[in-house]
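Notes for the structure review
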Amino acid sequence: MNHQFIVFLKALLGSCKDLLPIILVIAFFQFAVLQQPMPNVGDILVGLALVVLGLTFFIYGLEMGLFPIGESMAQAFAKKGSISWLLTFAFCLGFGTTVAEPSLIAVAKEAAVVAASGGIIADTLESQLSYANGLRFTVAFAVGLAIVIGVLRIIRGWPIQYLILGGYVVVVLMTIIAPSWIIGIAYDSGGVTTSTITVPLVTALGVGLASAIKGRNPMIDGFGLIAFASLTPMIFVMIYGMVIS
Amino acid sequence: MDLFFEFFTTLKNTVIDVLPILSIILGFQLLVIRKPIPHIKQVGFGFIYVLIGLALFLLGLEKALFPLGKMMAEQLTAPEFIQAGEQVLTNIHWTDYKWVFIFAAAIGFSTTIAEPSLIAVALKAEEVSGGAINANSLRISVAIGVAFGIALGSYRIVVGHPIHYYIIAGYIVVVVQTFFCPKLIVPLAYDSGGVTTSTVTVPLVAALGLGLASTIPGRSPLIDGFGLIAFASLCPIIAVMAYAQLTEARTHRTNKKLEKRKRIKEEKRNLNRNNEAP
């Protein structure tokens, strides 16, 4: 119990540290540059407390339940030798972790509000929800696919730069034909997808795989999964935008 | 009481959000690995904490981080602030928004320096490179990259340029750098783009962009509002590779210098020997 409490406190400290720079910068600008009292400061403080508390519970829970099981699974599949199961697992890992990614949930919701006010989708709660979910599942599918490609790359030993450069070319070509209102959110979706849940689990898979295969360097081959996971969502979100319009 | 009610609505949605990952783990464990889950009680509790945490976080996001980003955008672009005391001009130059850019850069720099996953990656890079890459310098260069990226992204929103020109130009820089960069750093650099934008930073930065696009005259949130995060994930790639190139160039130069010094010494010694010989 005592040990658990220390772990919890560590998580609390970590989320405070995440938030501290933001609070300092905003406070400095509010009081030194704008020189005005902060509007509805009470609401904001309650919200910030919720963010710290939420992030703490979230990370604590992840470290207690999800990470150990995810990591042991990733290593088990990396060593098992069956490529088809490994790829299935890789896809599911990318998909499942992205669907639950907090910042993606938040940004997709915001994107739906903007799209509704811009007249792209009907201005009802229902169509907003379906747009936000569509966006999330598109991104999750793209990340799943990215992890599959990344795992194949590690197994086959393909050099990363050609794949990434090829991806860039596809992104540029897609930009020409995609509707202009999806481009911003599509480019953003690459950075949004990879945070709290996805990065540790996916890195565990990559490094586990690279150390299980002979002749692979965990440094060179273990990294790079995240790079794919930030590239493919751009392409797929643009496709999603084309389908919707 | 309202807050309590809102919490339960969010919690209900969160359960639906997290369901896919739960079913994936259970499915693989029971159907493919076919072993009972180890420490099932602990895992179960962990899952409940994840649910509660996610619901609280999303609620706090809506109450604090989104409003904060939008509020800062509105305040920093308000005509009363940028033209304090002067008469209201009809023509606003982009340099009038300088505080917006400074704010954007400050948020980008400070959140990146404190980012835990970046610290981990930087330490790993230092270890692998045998100390040639310094973890702290790497962190600072990534932070400068993010700061510059978000500031540049805000500039784009202010002037209303189409985003893809900037991103494609960035890609070209990345491609050119890839060819001249030490090979070991390439995957790490590509990853750093995705790693630097944390769960707390993303919503705040997204809200900042949307706020800017909705307050600056002539911009629409739909077309101009998004894209700040894209800048924040592209610039670190460039910054990390640039840092690696600089370090390499420096070690190269010092090596050359050492060699030259050695050569001169040897020549002198030879000369002395020759002089003494006869």
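In this text, all values refer to a predicted model and were calculated from it rather than measured experimentally. (Residues numbered from 1 in each chain as written. Chains lettered and ligands numbered in written order. Predicted model: local features only at pLDDT ≥ 70, side-chain atom pairs only at ≥ 80, totals over all residues. Heavy atoms only, no water.)

Focus on a nonpolar patch on the surface
All names here are of chain B. Test applied: Here, patches come from residues exposed beyond 30% relative accessible area and free of salt bridges, joined within 9 Å for like charges and within 5 Å for nonpolar side chains (Val, Leu, Ile, Met, Phe, Trp, Tyr). All accessible areas in this document rest on Shrake-Rupley with a 1.4 Å probe, and a residue is counted as covered only by the protein chains that are shown. One speaks of a salt bridge when a side-chain nitrogen belonging to Lys or Arg is within 4 Å of a carboxyl oxygen belonging to Asp or Glu. Here a strand is any run of E in DSSP of at least two residues, a helix any run of H or I of at least four, and the numbering for each starts at the N terminus. Any residue under 20% of the maximum accessible area for its type is buried, any over 50% is exposed, and the rest in between are partly exposed; the area is computed with a 1.4 Å probe on protein chains only.
On the surface, Val15, Leu19, Leu22, Leu26, Leu30 and Leu31 cluster together to form a nonpolar patch covering roughly 510 Å² of accessible area. Turning to its location among the elements, valine 15 is positioned in helix 1 (residues 2–33). Assessed through its relative accessible area of 37%, valine 15 is described here as partly exposed.

Some details on the packing of aromatic side chains
Selection rule: Working definition: a ring pair exists when centres of Phe, Tyr or Trp rings (six-membered ring for Trp) sit within 6.5 Å. Plane angles under 30 degrees give stacked, over 60 give edge-to-face, the rest tilted.
According to the stated counting rule, one finds 19 aromatic pairs over all chains in the structure shown. Where phenylalanine 28 of chain A meets phenylalanine 29 of chain A, the ring centres are 5.7 Å apart and the plane angle is 85°; that geometry is what we call edge-to-face. Between tyrosine 60 of chain A and tyrosine 49 of chain B the ring centres are 5.2 Å apart and the planes differ by 45°, which places this aromatic pair in the tilted class. Of the two residues, tyrosine 60 of chain A is situated in helix 2 (residues 41–80) and tyrosine 49 of chain B in helix 2 (residues 40–77); the pairing between them involves two chains. Grouping aromatic residues by their ring pairs yields a cluster made of Phe91, Phe95, Phe137, Phe141 and Phe236 of chain A.

What about the pattern of salt bridges?
Inspection of the entire model under this criterion finds 3 salt bridges over all chains. In this structure, glutamate 110 of chain A engages lysine 70 of chain B in a salt bridge whose closest nitrogen and oxygen atoms are separated by 2.6 Å. Of this pair, glutamate 110 of chain A sits in helix 4 (residues 102–117) while lysine 70 of chain B sits in helix 2, on two different chains. Glutamate 110 of chain A gets classed as buried once you look at its relative accessible area, which sits at 13%.

Thoughts on a positive patch on the surface
Going by this rule: Counted as positive: Lys and Arg. Counted as negative: Asp and Glu, with His and the chain ends omitted from the count. Just so you know, the charge point we use is NZ for Lys, CZ for Arg, CG for Asp and CD for Glu.
A cluster of basic side chains, namely Arg250, Arg253, Lys257, Arg261, Lys265, Arg269 and Arg273 of chain B, defines a positive patch on the protein surface. Counting through the fold element by element, arginine 261 of chain B comes out in helix 11 (residues 228–276).

Re the interface of chain B and chain A
To keep things clear, this is the line we draw: Throughout, a residue-residue contact means that at least one pair of heavy atoms, one from each residue, lies within 4.5 Å. As a working definition, buried area equals the accessible area (1.4 Å probe) given up by two parts on being put together, with both sides summed. For this analysis, a polar contact is any N or O atom pair within 3.5 Å, provided that within protein one partner can donate a hydrogen and the other can accept it, and provided that sequence-adjacent residues contribute only side-chain to side-chain pairs. Under the convention adopted here, Pro, Cys and the residues Ala, Val, Leu, Ile, Met, Phe, Trp and Tyr are nonpolar, Asp, Glu, Lys and Arg are charged, and Gly plus all remaining residues are polar.
Listed as interface residues are 88 residues of chain B and, on the opposing side, 86 residues of chain A. Summed over both partners, the interface of chain B with chain A comes to about 7900 Å²; 81% of that surface belongs to carbon and sulfur atoms. When residues of chain B are sorted by the area they lose upon contact with chain A, Tyr171, Leu222 and Phe226 of chain B head the list and together hold 9% of the total. Our count for the chain B to chain A interface comes out at 2 salt bridges. Scanning the region where chain B abuts chain A turns up 6 residue pairs in polar contact (both at pLDDT 80 or more). With 27 residues, the top contributor of residues to the side of chain B that touches chain A is helix 2 of chain B. A per-class count over the side of chain B that touches chain A returns 65 nonpolar, 16 polar and 7 charged.

Notes on empty space enclosed by the protein
Defined as follows: Each cavity reported here is a set of points on a 1 Å grid over the protein atoms alone in which a 1.4 Å probe fits but cannot get out, each pocket an open set with protein on both sides within 12 Å along at least five of seven lines, and each lining residue one with an atom within 4 Å of a point. Grid points are joined across faces, edges and corners, and a volume is the space filled by probe spheres set on the points.
Overall, the coordinates contain 5 cavities of 30 Å³ or more when judged by the stated rule. Estimated volume of the largest cavity: approximately 200 Å³. In terms of lining, the largest cavity is formed by 18 residues, of which the most central are Tyr168, Ser230 and Met234 of chain A together with Ser233 and Ile237 of chain B. Only helix 6 (160–177), helix 7 (180–192) and helix 10 (225–244) of chain A together with helix 7 (163–180), helix 8 (186–195) and helix 11 of chain B provide two or more residues apiece to the lining of the largest cavity. When its volume is computed, the second largest cavity comes out at roughly 80 Å³. Around the second largest cavity, the lining residues are Gly70, Met73, Phe89, Cys92, Leu93, Gly96, Thr97 and Leu201 of chain A together with Ile21, Ile24 and Ile25 of chain B. Of all the secondary-structure elements, those providing two or more residues to the lining of the second largest cavity are helix 2 and helix 3 (83–99) of chain A together with helix 1 of chain B. Considering every element that reaches the lining of the second largest cavity, the biggest residue donor is helix 3 of chain A, with 5 residues. The class makeup of the residues in the lining of the second largest cavity is 8 nonpolar, 3 polar and no charged.

Things to note about the environment of isoleucine 264 of chain B
Residue and element names in this part refer to chain B. Examined against the element boundaries, isoleucine 264 turns out to sit in helix 11. When its relative accessible area of 43% is taken as the criterion, isoleucine 264 is described as partly exposed. Expressed as a C-alpha distance, the spacing of isoleucine 264 and threonine 197, which sit 67 residues apart in the sequence, is 51 Å.

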